[in-house]
Amino acid sequence: MSHEPEFELDLDLAGADDHIGPVHPGRGGRTSPTEPDPGDHALGWGVARRLVRGGLRADAIPLLLVALLVLGASTTAAAGPRALKSLADRALRQNVAAASLDARSLTVGLDVVDTGAEGTAFADFQNAIAQQLGPVAARTLTGTSHTYRAFGVTTDGDTVAKPSGLPPVTTFVDDSRAAHLVTYVDGTAPDRATPAPGTVAVGVSRRTSEDLHLPVGTHLRLGDPQPDLNGVTHPVVAVVSGIFEPAVGAALTADDNAFFAQNTTLLTPQLSHIGTLTPRLFWTGELLVSDMGLATLLHGNVKARATAQWRRTVDPAALSVAAISTLRAALLHFQQGAISAMCDPYQPGTQMCGGLMNTVQAATAETGLPDLFTAFRTRLLATSALESFAVAGLLAVELAAVFAAARLVAARRAAAVALQRARGSSRRQSAVLLAAESALVIVPAAVLGRLLGEGGGQLWPTLVVAVFGIAAVPVTVMVRAKPETAGTARADERRLLSRGRRRTLEALVAVLAVGGVLALRGRGVAGTTAGGTVDPLMATVPVLVGGVVSILAVRALPRPVLAAARLLGRGRSTAGWLGLARAAERGQTPAVALAVLVLTVSGAVFGGVVVSTLDHGETASADRVGADAVVRSQALPQEAVDRLRALPGVRADTVTVFERSTVDDDTGAERPVAFLGVGPTLVPGLSATADPDGTIPVLASPAAVDDHPAGTFTVSFLTSTISCRIAGVVPDPDNGVLRAALGPAGPRRPYVVLPAELLAKVSDATRPSVAALSGPVTTAQIRAALLDAGPFSYDVTVRAERLTAMRSDGLNRSVTGIFGLCAAGSAAFAVLVVILELAATARERGRTVSFLRTMGLPARSAGVVTAVQLVPTALAAATAGVLIGLILPRLLGPALDLTAFTDGYDAPIRVDLTVTLLLGLALLLVTAVAAALEAVVGRGRRLAGVLRFGGE
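Residues numbered from 1 in each chain as written. Predicted model: local features only at pLDDT ≥ 70, side-chain atom pairs only at ≥ 80, totals over all residues. Heavy atoms only, no water.

- Taking an unreviewed UniProt entry as the reference, the protein is identified by name as ABC3 transporter permease C-terminal domain-containing protein belonging to Catenulispora subtropica.
- Taken directly from UniProt, the Subcellular location (unreviewed entry) text for the protein runs: "Cell membrane". (UniProt positions renumbered as here; feature names shortened; annotations may be inferred.)

This is the structure we're talking about:
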């Protein structure tokens, strides 16, 4: 019996197909591909069970590895949607908690014109609202508060110190939030006071008490009571029961600030005037009162009218993404029919609502929750699209790892199955036995993975993983195990599919990839969804693009590698030449490893691009504030400006913003322009005086220069019309103070700059409206400083806090975390695939090295052959992966919309080249380490010194 070598090195790869060795048909096999299988006789159950048990015992370790990988893939398929849902719920709660009080509340308002003497009617109406909400909304809207305000109540002019002797106008406020926002430093709160019948206890701020000389115990006669239908008058007297101060200080929250913003004259009374030629001054202010006091005031017939507002605030902990549709429907139903259900017609134009008489036109039910939910769903859609790309990439790499592990089983079982085929077993019988072995270990692994992932959603992802795992082992084994004598099968015959079917499959992948890219570019983020959930086909578009590039890389790799081998063959590097020659053989190209590495690197680079672009977009969006902090108001009083400048380490620059439409002197076209009045040193080149003819020189932005090509324009103010001349262009359009005054639109808006004093002379803009702060400051510090600095409300924006809010946002953190987690998981599986590919082909490489050693190859050069053989695959994967990762963001186009995460800022695609290059180098390093470990293991097993002929 003669033995021929199982390996024949064929370096002439430019022509015919690759060969593994000479063809020798086996005894019981087919002599041609067209010859039918041997007789397909049935196997008994006993024989089948023994064969399955024997296969499980023989390949327990590789089958267990396959099962573990299926377990991981099944867990990912089951836990992925659940984890994303949990992150979405957490982000929803965070977004709702950070929203304004009005946005996350349901408010019911009535214009109360009369009520009973008892104040319990107000609280009874709050209970009626709870009954109308329904169980779903009632369980979510658990926070309750109220605000009752009686407007236009006049007080006795003789008892209050005031200028000009004009009776003041007072607003009485009963707000449940005041209980923890103010503290009484003298006297007692109105709800704890015990005034005489017909007397209303009120609380005043310390500044109101000082400015208006209202100490504790002061009595005020309210209104001018008229006799009722029975001829009885009900005089009402107010008594100052206590003096309070703000209790919040530097710990002022957004909700706390909303209370003081809604009651602007509660802490500081406002001195007002009427008339122009002989102005008469008077004060307006707000006083705190209890429910009982407000009812007494209304029942006293002092011509008082109250607006009552009951608020139900959502509990963020009770929210979930799945339940917001039901809650939205309940809120809409409440808005449509609750008022009519709670209020009965009393007489034309009025209603009786639980003891409260109100006008029909004033009954309202408003909530910002539906709009808040809509905005969140829009952002969640973009988040789900991005996260689906990352999860689909990880799942694809996991399935590829399962296939690589199945190839390891095939390397061990191919000879045994080939022997069974030679003895008469049919392909179907062998495949059924292998599928049974796989099912016994893979089905429990898939079920356990779903249980570990706590998947309660769709079952089909787990079924796909299980079917793929069960089919991978028999398919790979049957492809490798031909009934021919070992070592005689042609490379084409060992492939999974014939050449025609393979090309058809490749074309299908390419068509799906191109179609998916076009769909995403055409429909944007909406193209990733179907029926309100992420479309699996659209989610796999990055994977399909990676698959197409992998196919091209596998087809293109042999030729450049062969060219490199021929180039090295001209020198003295025998080991390098042999390694490249082996790598150039199409049958030796590790296609699975190459595809997995391409997907891994491309996914990591793509994720890095997304995270880098998102981080840059968040920073750029926060920089649009223009300064460290910006304070806006209709008119900033000088006291407020002085307090801002008194903050430690803070510089405050003020700008007067005045919006007007101008008329171009040449074309007559009207253009909107913002007039910015600034200090004399803020913008160089400003002229502090007008021209001799009265024309005002201004500096204009580039947009304003384009709108007024003549260089002059006319603008009308309240009392005058003036001409302006563009004396030049603003020298620094990116000036932080100017950007802070203009808002997010910034330099793109048309605006002109002139001295604030000159603007005040020609217009009624006498007070600054924007203060740009530079220095370390927080919103709480600014609001605490401005708490009682005049009867104005202030809008405060702090750049650092806006950036922190975006970076800590639940959806933003979800995108960053998912991409990072999937990239790490893909990298781990990629390393595993490399190890599995090395293990599956280790015996074949060992035989090759053994033959080469018998021909005089040194031991050290044998390790070089192995290492060089892996380098082309690593280089191809690194190059293709990096290119895909860089191109994918531009291919996806509108589907990669990050404006939902950057407060509307459209951030340009940003590539971190350092991280990208490090990823490519890391892949090469992993390959080098794997080759070195294999060389060490090979020397330990002395494979390079062993030469065997025939058989395994």
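Anyway, onward from the coordinates.
### Considerations on the nonpolar core
No. 1: Grouped together as the largest cluster of nonpolar side chains are 157 residues, with contacts concentrated most on Phe 122, Phe 125, Phe 172, Leu 297, Trp 310 and Phe 334.
No. 2: With 25 residues, the top contributor of residues to this core is helix 10 (residues 369-422).
No. 3: When sequence neighbours within four positions are dropped, the list of residues in contact with Trp 310 reads Leu 106, Thr 107, Val 108, Leu 110, Phe 122, Phe 125, Gln 126, Ile 129, Ser 145, His 146, Tyr 148 and Leu 356.
No. 4: Counting 21 residues, the second largest nonpolar core, distinct from the first, contains Val 625, Ala 627, Leu 686 and Ala 740. (Core = buried A, V, L, I, M, F, W, Y, C linked by side-chain atoms within 4.5 Å. Buried < 20%, exposed > 50% of the residue type's maximum accessible area, 1.4 Å probe, protein only. Helix = DSSP H or I, 4+ residues; strand = E, 2+ residues; numbered from the N terminus. Contact = heavy atoms within 4.5 Å.)

### What about the state of the cysteines?
No. 1: All chains considered together, the criterion is met by 1 disulfide.
No. 2: Across a sulfur-sulfur distance of 1.8 Å, Cys 343 and Cys 353 are joined as a disulfide pair. Around the S-S axis, the bridge from Cys 343 to Cys 353 shows a dihedral of about 120° and counts as right-handed. Placement of the pair is Cys 343 in the loop between helix 9 (324-342) and strand 11 (344-347) and Cys 353 in strand 12 (residues 350-353), with a sequence separation of 10 residues.
No. 3: Look at Cys 343 and you get buried, because its relative accessible area is 3%. (Disulfide = S-S within 2.5 Å.)

### A short note on the pattern of salt bridges
No. 1: Applying the stated criterion to the full structure yields 18 salt bridges.
No. 2: Between Arg 651 and Asp 653 there is a salt bridge whose closest N-O contact spans 3.3 Å.
No. 3: For Arg 651, a relative accessible area of 52% corresponds to the exposed category.
No. 4: Asp 653 gets classed as buried once you look at its relative accessible area, which sits at 16%.
No. 5: Here the salt bridges share partners, and the residues they tie into one network are Arg 207, Asp 211, Glu 639 and Arg 643. (Salt bridge = Lys/Arg side-chain N within 4 Å of Asp/Glu carboxyl O.)

### Here we look at the environment of Leu 319
No. 1: Structurally, the position occupied by Leu 319 is in the loop between strand 10 (305-313) and helix 9.
No. 2: Put simply, Leu 319 and Leu 141 are 178 residues apart on the chain and 9.9 Å apart in space, counted from C-alpha to C-alpha.
No. 3: Dropping the residues within four chain positions of it, Leu 319 is found in contact with Leu 92, Arg 93, Val 96, Thr 140, Val 314, Leu 327 and Phe 373.

### Here we look at the pairing of strand 5 (residues 199-205)
No. 1: With 7 of 7 residues buried, strand 5 is to be regarded as a mostly interior element.
No. 2: Of the two faces of strand 5, the one lined by Thr 199, Ala 201, Gly 203 and Ser 205 and the one lined by Val 200, Val 202 and Val 204 are each fully buried.
No. 3: Both strand 5 and strand 7 (residues 236-246) contribute to a ladder of 7 bridges, which runs parallel. Bridging from a neighbouring strand, Gly 203 pairs with Gly 242 of strand 7. (Pairing = 2+ DSSP bridges.)

### Some thoughts on the layout of surface pockets
No. 1: Taken as a whole, the second largest pocket holds about 1300 Å³ of empty space.
No. 2: Along its surface, the second largest pocket is lined by 40 residues, and Asn 95, Ala 98, Ala 99, Ser 100 and Ala 805 are the ones closest to its centre.
No. 3: Looking at the lining of the second largest pocket, the elements with two or more residues in it are helix 2 (60-98), helix 7 (254-262), helix 10, helix 23 (779-785), strand 25 (795-798) and helix 24 (799-808).
No. 4: Among the elements that line the lining of the second largest pocket, the one with the most residues is helix 2, at 6 residues.
No. 5: Along the lines of polarity and charge, the residues of the lining of the second largest pocket split into 19 nonpolar, 12 polar and 9 charged. (1 Å grid on protein atoms, 1.4 Å probe; cavity = no way out; pocket = protein on both sides within 12 Å on 5 of 7 lines; lining within 4 Å. Points joined across faces, edges and corners; volume = space filled by probe spheres on them. Nonpolar A, V, L, I, M, F, W, Y, C, P; charged D, E, K, R; others polar.)

### Some details on the packing of helix 2 against helix 10
No. 1: Their axes nearest at 9 Å, the elements helix 2 and helix 10 cross at an angle of 175°. Taken together, the axis directions place helix 2 and helix 10 in an arrangement best described as roughly antiparallel.
No. 2: Here the contact of helix 2 with helix 10 is composed, by residue class, of 26 nonpolar, 3 polar and 4 charged. (Axes fitted to C-alpha atoms, helices over the stretch in contact; angles between N-to-C directions. Parallel < 35°, antiparallel > 145°, perpendicular 65-115°, else oblique.)

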